[in-house]
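Secondary and tertiary structure notes
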Amino acid sequence: QVQLVESGGGLVQPGGSLRLSCVASTSFSAIYALAWYRQAPGQQRELVARITSGGRTNYGDSVKGRFTISRDNAKNTIYLQMNSLKPEDTAVYYCAGAVTGSYDYWGQGTQVTVSS
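Quick caveat: nothing in here was measured; it's all calculated off a predicted structure.

1. So, the sheet that holds strand 7 (residues 67-72)
Read from one edge to the other, the open sheet built from four strands follows the order 1-3-8-7, with strand pairing classed as antiparallel. The two strands at the open ends of the sheet, each matched to only one other strand, are strand 1 (4-7) and strand 7. Averaged over all neighbouring strand pairs, the angle between strand axes comes to 15°, with direction disregarded. Where strand 3 (residues 18-24) meets strand 8 (residues 77-82), six bridges bridge the pair, whose relative direction is antiparallel. Looking at strand 8, one finds that C22 is bridged to I78.

Here is the structure:
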């Protein structure tokens with residue numbers, strides 16, 4: 001069982017930045033991949049970024065060049081640095097973990113609101 005706890009959400013103005021954190025209850029050596037997803041009201045959940053145990057990263061098209069996913073193995077933590085935020089980035093952001101091939105573990109989510 002893997003528990004994931006997100007933090008760092010909040011209200012930010014357009015063009016601003018936020019950094020989200022996700023702490024895992026187990027060592028990253030037991031986790032194949034970690035990802036950030038988001039879901040806006042009335043929208044489907046979408047992949048924002050993911051990072052594998054080998055360090056490979058992937059990003060959703062809408063955030064490429066603005067968001068960066070990274071990890072700190074010593075702290076069992078991944079981060080999502082979000083720059084140049086837009087109102088359309090407003091959503092609940094979830095951290096997800098895959099021990100095998102699917103994301104079976106999810107955090108409770110953290111709200112990000114981009115508004116002036």
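Text resumes after the structure shown.
2. A few points about unusual backbone geometry
One non-glycine residue, N76, lies in the positive phi region at around 50°. Mapped onto the fold, N76 is located in the loop between strand 7 and strand 8. Despite not being glycine, S84 shows a phi value in the positive range, around 50°. Here S84 is to be found in the loop between strand 8 and strand 9 (91-98). S84 sits in the partly exposed class, given a relative accessible area of 41%.

3. Description of the packing of aromatic side chains
Inspection of every chain in the model, using the stated rule, returns two aromatic pairs. Pairwise contacts between aromatic rings join Y37, Y103 and W106 into one cluster. One cation-aromatic arrangement involves R45 over Y94; the distance from NZ or CZ to the ring centre is 4.2 Å. If you follow R45 out to its NZ or CZ, it ends over the ring of W106, 4.5 Å from the centre.

4. Re the nonpolar core
Core analysis: the biggest nonpolar cluster contains 26 residues, and W36, V48, F67, I78, L80, M82 and Y93 have the highest contact counts within it. Where this core is concerned, the elements lending two or more residues are strand 3, strand 4 (33-39), strand 5 (46-52), strand 7, strand 8, strand 9 and strand 11 (110-114). No other element matches strand 3, which puts four residues into this core. Ranked by size, the runner-up nonpolar core spans six residues in total, among them A33, Y37, A98 and Y103.

Procedures and definitions
Each residue is numbered by its place in its chain's sequence as written, counting from 1. A pLDDT threshold of at least 70 governs which residues receive local features in this predicted model, and a stricter bar of 80 or more applies before side-chain atom pairs are shown or counted, although totals over entire chains, interfaces and linings include all residues. By convention in this description, side-chain values take in all heavy atoms of the structure and omit both hydrogens and water. By the convention used here, strands pair only if DSSP detects at least 2 bridges between them. Secondary structure elements follow DSSP: runs of H or I of four or more residues count as helices, runs of E of two or more count as strands, with numbering from the N terminus. To define axes, lines are fitted to C-alpha atoms, for helices over the stretch in contact only, and angles between the resulting N-to-C directions are given on a 0 to 180 degree scale. Burial status follows relative accessibility: with a 1.4 Å probe on protein chains alone, a residue under 20% of its type maximum counts as buried, one over 50% as exposed, and anything between as partly exposed. Two rings belonging to Phe, Tyr or Trp (six-membered ring only in the last case) form a pair when the distance between their centres is within 6.5 Å. Interplanar angles under 30 degrees mark stacking, angles over 60 mark edge-to-face geometry, and anything in between is tilted. Our definition puts a charge over a ring when NZ of Lys or CZ of Arg is within 6 Å of the ring centre and also within 35 degrees of the ring normal. Take the buried Ala, Val, Leu, Ile, Met, Phe, Trp, Tyr and Cys residues and link them wherever side-chain atoms come within 4.5 Å; each set so joined is a nonpolar core.

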